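Below, each chain spelled out in residue letters.
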Amino acid sequence: KRKTISANHNEKIMRKFADKVCGVVFAGNEALQLLSHFKTRSVRQVTKMRGIFEISDDIKIPVWSYGKTMPMSLPSLKKASVLAMEASEDVRESCAVKMDRAYVNKLAADDDEGELEGVDPENRVKAHTYGKDQIPFSEHDEKALKQRTDKCIKVLAFLDKDKIPRHYSMAGVDIIVAPPGDDEAGLALSAFIHACFETELAR
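A brief report on the enclosed structure follows. (Residues numbered from 1 in each chain as written. Predicted model: local features only at pLDDT ≥ 70, side-chain atom pairs only at ≥ 80, totals over all residues. Heavy atoms only, no water.)

Across its full length, the chain carries five helices and eight strands. For the chain, the succession of helices and strands along the chain, N to C, is α-α-β-β-α-β-β-α-β-β-β-α-β. Evaluated residue by residue, the chain yields a buried proportion of 10% over its 203 residues. Long-range pairs, those at least 24 residues apart, make up 45% of the contacts in the chain between residues at least 6 apart in sequence. For the chain, the accessible area works out to roughly 19300 Å², and carbon and sulfur atoms hold 55% of it. (Helix = DSSP H or I, 4+ residues; strand = E, 2+ residues; numbered from the N terminus. Buried < 20%, exposed > 50% of the residue type's maximum accessible area, 1.4 Å probe, protein only. Contact = heavy atoms within 4.5 Å. Areas by Shrake-Rupley, 256 points an atom, 1.4 Å probe, with all protein chains shown as cover.)

Here it is, written out as structure tokens:
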């Protein structure tokens, strides 16, 4: 279909705007085809946390937390072998590059030309640099020094809603609900939510 004079004029204006913002102009049918590729993904709903919602030292409500929305990132780029891409299809199985890491003991060889032997996983241990030394740190040390905490949600402060920038809410969103069958927790959580809504406070 031949474009009218006004259609050509509008397209020039759109392309001018797009060039200034480094954008791209698509035809209507192309844009609809691209938008059809985006769709929501259904996932099985599981609790992210089952713990205590602590408003103060005297007010604690048992709650469950579910994920409502979460940002999705694009698939990471993978290395591809140029030699595999240039090979014929009957020989080529995959262009993906698989990394194989080996740990060797440099002190085990008798001389510079000696063959280095691999170290089995059970004989390896992590080490952290401290000055010029490497301090070994085993899994038992990690478990012994790991900080142990209980899962909970705690109110730190109350703030007016209009003082919180909108872009602070662009991360993942969770839903906080009372455990099923716990009417007292549901009533307490509902009263807290209504109080924050009526006073226009965010917590």
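Turning our attention to the sheet that holds strand 7 (residues 173-177). Across the sheet, which stays open at both edges, the four strands sit in the order 5-1-2-7 with mixed pairing between neighbours. The two strands at the open ends of the sheet, each matched to only one other strand, are strand 5 (152-154) and strand 7. When the angles between neighbouring strand axes are averaged without regard to direction, this sheet yields 40°. When strand 1 (residues 47-54) meets strand 5, the two strands line up parallel, connected through three bridges. Residue pairing for strand 5: isoleucine 52 is matched across the bridge by cysteine 152. Contacts between helix 5 (residues 183-199) and the sheet are confined to strand 1, strand 2 (60-69) and strand 7, with strand 2 contributing the most and set at about 70° to the helix. (Pairing = 2+ DSSP bridges. Axes fitted to C-alpha atoms, helices over the stretch in contact; angles between N-to-C directions.)

This paragraph deals with unusual backbone geometry. Positive phi outside glycine occurs at cysteine 22, with the angle close to 60°. Looking at where cysteine 22 falls in the secondary structure, it is placed in the loop between helix 1 (5-20) and helix 2 (28-35). You can call cysteine 22 exposed: its relative accessible area is 74%.

Let us look at the pairing of strand 3 (residues 126-130). In terms of residue burial, strand 3 counts as a barely covered element, since only zero of its five residues are buried. As judged from the five bridges shared by strand 3 and strand 4 (residues 133-137), these two strands associate in the antiparallel manner. Bridge assignment links lysine 126 to a residue of strand 4, and that residue is phenylalanine 137.

Quick look at the nonpolar core now. Judged by nonpolar contacts, Met49, Phe53, Ile55, Ile61, Val63, Val155, Ala178, Ala185, Leu189, Phe192 and Cys196 together constitute the single largest core of 11 residues. Listing elements by their share of this core, those giving two or more residues are strand 1, strand 2 and helix 5. Here the element with the most residues in this core is helix 5; it accounts for four residues. In this view, valine 63 contacts Met49, Arg50, Gly51, Ile52, Phe53, Ile153, Ile176, Val177, Pro179 and Leu189; residues no more than four positions away in its chain are not counted. (Core = buried A, V, L, I, M, F, W, Y, C linked by side-chain atoms within 4.5 Å.)

On the surface, Val24, Phe26 and Leu34 cluster together into a nonpolar patch covering about 300 Å² of accessible area. Inspection of the secondary structure puts valine 24 in the loop between helix 1 and helix 2. Judged by its relative accessible area of 62%, valine 24 falls in the exposed class. (Patch = residues over 30% accessible without salt bridge, like charges linked within 9 Å, V, L, I, M, F, W, Y side chains within 5 Å. Salt bridge = Lys/Arg side-chain N within 4 Å of Asp/Glu carboxyl O.)

Throughout the structure, instances matching the rule amount to four salt bridges. We note a salt bridge from lysine 48 to aspartate 174, for which the minimum N-O separation is 3.1 Å. A residue pair is termed long-range when its members are at least 10 positions apart, and lysine 48 in strand 1 and aspartate 174 in strand 7 qualify at 126 residues. Judged by relative accessible area, aspartate 174 falls into the partly exposed class, the value being 37%. The partner of glutamate 142 in a salt bridge is lysine 126, and the shortest N-O contact between them spans 3.5 Å. Of this pair, glutamate 142 sits in helix 4 (residues 139-145) while lysine 126 sits in strand 3; the two residues are 16 residues apart in sequence, bridging distant segments of the chain. Look at lysine 126 and you get exposed, because its relative accessible area is 52%.

A separate point is the environment of alanine 185. Topologically, alanine 185 is positioned in helix 5. The residues contacting alanine 185, other than those within four sequence positions of it, are Ile61, Pro62, Ala178 and Pro179.

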